[in-house]
Amino acid sequence: MEESLFGEVEAANQRSHEPLASRMRPQSLADYVGQQHILGDGALLRRMMQSGTLGSLILAGPPGTGKTTLARLIAKETGCTMQTLSATSSGVKDVREVLRWASDEIAAGGKRPILFIDEIHRFSRSQQDALLPDVESGTISLVGATTANPHFAINAALLSRSQVFYLESLSAADIASLLHRALSHPHGLGEAPERISDKAIEFLATACEGDARRALTTLEIACGSTPVGQTVSKQTVCASLGSRLAGYDATGDDHYDLASALIKTIRGSDVDGAIYWLARMLEGGEDIRFLCRRLVILASEDIGNADPQALQIAVAAMQACEFVGLPECQLTLSQTVAYLALAPKSNAATRAIGAARTDVRNQRTIPVPKALKDAHNAGGKSRGHGEGYRSAHHSEDGFVAADFLGLASPYYFPVDRGNEAELKIRLEAIRRQLGVEVPDE
């Protein structure tokens, strides 16, 4: 009886020193919030758990979406024992010891155990390869958690033997429900919900960007730093939130997702959104040269001749950023992003070179007409190179109706926007004189 009493006291003492996010881990799937696309009735992971055919899984998703918690609940729901390794502190020796343990469990007639590896993307290729035989033979059910893109970070052989499930950032409503639960739960803060204002809850549920761990940590700091009897304000929550910079991966999905958001927002002419995404990348420590390269590419790819000055501004920004550096070059980048976002858009040049190169790749090669061949050497002249060529500079209107391609194959279709609208009028006049029939796009 005394042992039980002391055990309960010791467990309570240990729990009291755990972070709020750890104390609030759900103990059953019924308490698990979010991820209904994989856990809802009829969803694949739910059916795998119910049937007992778990196999090996990769749980991929942003921080704070419940990957570790879900792995524990999977083991609990299926009645499997689970061993945990962290890829940041475990080596091949640790992996082999766990695999031997799993083999002994199977030999003793037990259920196939689960090996949970947190941050599995940090395992080297050789460490991942060490898992393959036991994964393939069914000695273990591997459950790996990763914040990286598994198709880049996990070797193909291991990935092909696993079912990949993508966890999504929690919605603001999900986060709010977790915060309210933490305020009233015996293992939570044990505070009355009215201790924190509704505006503060609403702000935190949105500002944590779907990261439940970050939301609960912020709530714990905010409540702990507010004197008893006072209401936790939105300002206190904001001050407790801290910076998200540590979560930015400048070489992984964050890098590519934010770059994509920046480019697509500029293309969509949303100047405010574009500057926001630029700020996100700058605050995350993004490589300035990468940003400049993307803006130079965009100036040709998405604006082109609708505003030829866009390319000049992008190139000038690249040179200025190289010369000035941070923090001042953020001003140049902001100026450039604003100009590119508001410039008229055209991808006519992009489509033109794409169509022409497709023709070339498909063996639609055309011999260079003799009139266009180089005639600067004696051998060329003797073969008639350059004969019949007429320079546009010898014509009053600077135009010669000559066949420069050998067939009518229009590639460039200017749009009716910006400077390209004027080019379109001129191009139509030239094609009429050349007798080129332009098909509908």
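Residues numbered from 1 in each chain as written. Predicted model: local features only at pLDDT ≥ 70, side-chain atom pairs only at ≥ 80, totals over all residues. Heavy atoms only, no water.

J.: Would you mind going over the overall build of the protein with me for this structure?
T.: Helix and strand counts for the protein come out as 21 helices and 5 strands. When burial is assessed residue by residue, the protein has 39% of its 441 residues classed as buried. Within the protein, counting contacts between residues at least 6 apart in sequence, those at least 24 apart form 71% of the total. With an accessible surface of roughly 24500 Å², the protein has 53% of that area assigned to carbon and sulfur atoms. (Helix = DSSP H or I, 4+ residues; strand = E, 2+ residues; numbered from the N terminus. Buried < 20%, exposed > 50% of the residue type's maximum accessible area, 1.4 Å probe, protein only. Contact = heavy atoms within 4.5 Å. Areas by Shrake-Rupley, 256 points an atom, 1.4 Å probe, with all protein chains shown as cover.)

J.: It is not clear to me how the side chain of D134 should be interpreted in this structure. Could you clarify?
T.: Here D134 lies in helix 7 (residues 125-137). R96 provides the closest opposite charge to the buried, unpaired D134, separated from it by 8.3 Å. (Lys, Arg positive; Asp, Glu negative; His and termini not counted. Salt bridge = Lys/Arg side-chain N within 4 Å of Asp/Glu carboxyl O.)

J.: Got a minute to help me understand the pairing of strand 4 (residues 141-146) in this structure?
T.: Put simply, side chains in a regular strand alternate between the two faces of the sheet. The element strand 4 is extensively covered by neighbouring structure, given that 6 of its 6 residues are classed as buried. Pairing analysis gives 4 bridges linking strand 1 (residues 57-60) to strand 4, with the strands arranged parallel. Residue A60 lies in a different strand from strand 4, and its bridge partner there is T146. Across 4 bridges, the pairing between strand 3 (residues 114-118) and strand 4 is parallel. Its bridge partner lying in strand 4, L115 is registered against L142. The parallel pair strand 3 and strand 4 is bridged by helix 7, and the resulting crossover is right-handed. (Pairing = 2+ DSSP bridges. Right-handed = clockwise from strand over helix to strand, strands pointing away.)

J.: Before we go on, may I ask you to explain the sheet that holds strand 3 in this structure?
T.: Paired through their backbone hydrogen bonds, the strands of a sheet run either parallel or antiparallel. Strand order in the open sheet formed by 5 strands is 2-3-4-1-5, with parallel pairing between adjacent strands. Edge strands, defined here as strands with exactly one partner in the open sheet, are strand 2 (82-86) and strand 5 (163-166). Across the sheet, the mean angle separating the axes of adjacent strands is 20° when strand polarity is ignored. (Axes fitted to C-alpha atoms, helices over the stretch in contact; angles between N-to-C directions.)

J.: Which parts of the structure should I look at to understand the environment of C208?
T.: Its place among the elements puts C208 in the loop between helix 11 (198-207) and helix 12 (212-224). On the basis of relative accessibility, which here comes to 0%, the residue C208 falls in the buried class. On a C-alpha basis, the gap between C208 and L241 in space is 7.8 Å, while along the polypeptide they are 33 residues apart.

J.: I tried to follow the pattern of salt bridges on my own but got confused; where do I start?
T.: Any two side chains of opposite charge can pair, on the condition that their charged atoms come close. The full count for this structure, using the stated rule, is 7 salt bridges. We note a salt bridge from R122 to E119, for which the minimum N-O separation is 2.9 Å. One salt bridge in this structure joins R289 and E322, with 2.7 Å as the shortest N-O distance. Here R289 is found in helix 16 (residues 288-303), whereas its partner E322 is found in helix 17 (residues 309-324), with 33 residues between them in sequence.

J.: Would you take a moment to explain the packing of aromatic side chains for this structure?
T.: When we look at a pair of aromatic rings, we describe it by the centre distance and by the angle of the planes. Tallied over the entire structure, the rule returns 1 aromatic pair. Seen in terms of ring centroids, Y276 and W277 are 5.1 Å apart; in terms of plane orientation they differ by 70°. Their pairing is edge-to-face. The partly exposed category is assigned to W277, whose relative accessible area is 25%. (Phe/Tyr/Trp six-rings, centres within 6.5 Å; stacked < 30°, edge-to-face > 60°.)

J.: I'm lost on the packing of helix 10 (residues 172-184) against helix 11 in this one. Help?
T.: Describing two packed helices takes the angle between their axes plus the distance from one axis to the other. Look at helix 10 against helix 11: their axes get within 8 Å of each other, and the N-to-C directions meet at 125°. Our classification of the angle between helix 10 and helix 11 gives oblique. The chirality of how helix 10 crosses helix 11 is right-handed. Touching A172, I175, A176, L179, H180 and L183 of helix 10 are I201, L204, A205 and T206, all from helix 11. (Parallel < 35°, antiparallel > 145°, perpendicular 65-115°, else oblique. Left-handed = near helix turned anticlockwise from the far one by under 90°.)

J.: Looking at this model, I keep getting lost on the side chain of S162. Mind explaining?
T.: Mapping S162 onto the fold places it in the loop between helix 9 (156-160) and strand 5. With a relative accessible area of 13%, S162 lands in the buried category. There is a polar contact of 3.0 Å between the side chain of S162 and the backbone oxygen of L158. If sequence neighbours within four positions are ignored, S162 has contacts with S56, L57 and I58. (Polar contact = N/O pair within 3.5 Å; in protein donor to acceptor, adjacent residues only side chain to side chain.)

J.: Would you take a moment to explain the packing of helix 17 against helix 18 (residues 329-342) for this structure?
T.: Where helix 17 contacts helix 18, the axes come no closer than 9 Å and their chain directions differ by 170°. When the interaxial angle is binned, helix 17 and helix 18 end up roughly antiparallel. Within the contact between the two elements, helix 17 uses Q309, A310, I313, A314, A317, A320, C321 and V324 and helix 18 uses C329, T332, L333, T336, Y339 and L340. In terms of residue class, the contact of helix 17 with helix 18 is made up of 11 nonpolar, 3 polar and no charged. (Nonpolar A, V, L, I, M, F, W, Y, C, P; charged D, E, K, R; others polar.)

J.: Mind showing me how you'd approach the environment of L216 here?
T.: Position of L216 relative to the elements: it lies in helix 12. As for L216 and A205, which are separated by 11 residues in sequence, their C-alpha atoms are 9.8 Å apart. With residues near it in sequence (within four places) discarded, L216 still touches L20, A21, M24, L178, L179 and A182.

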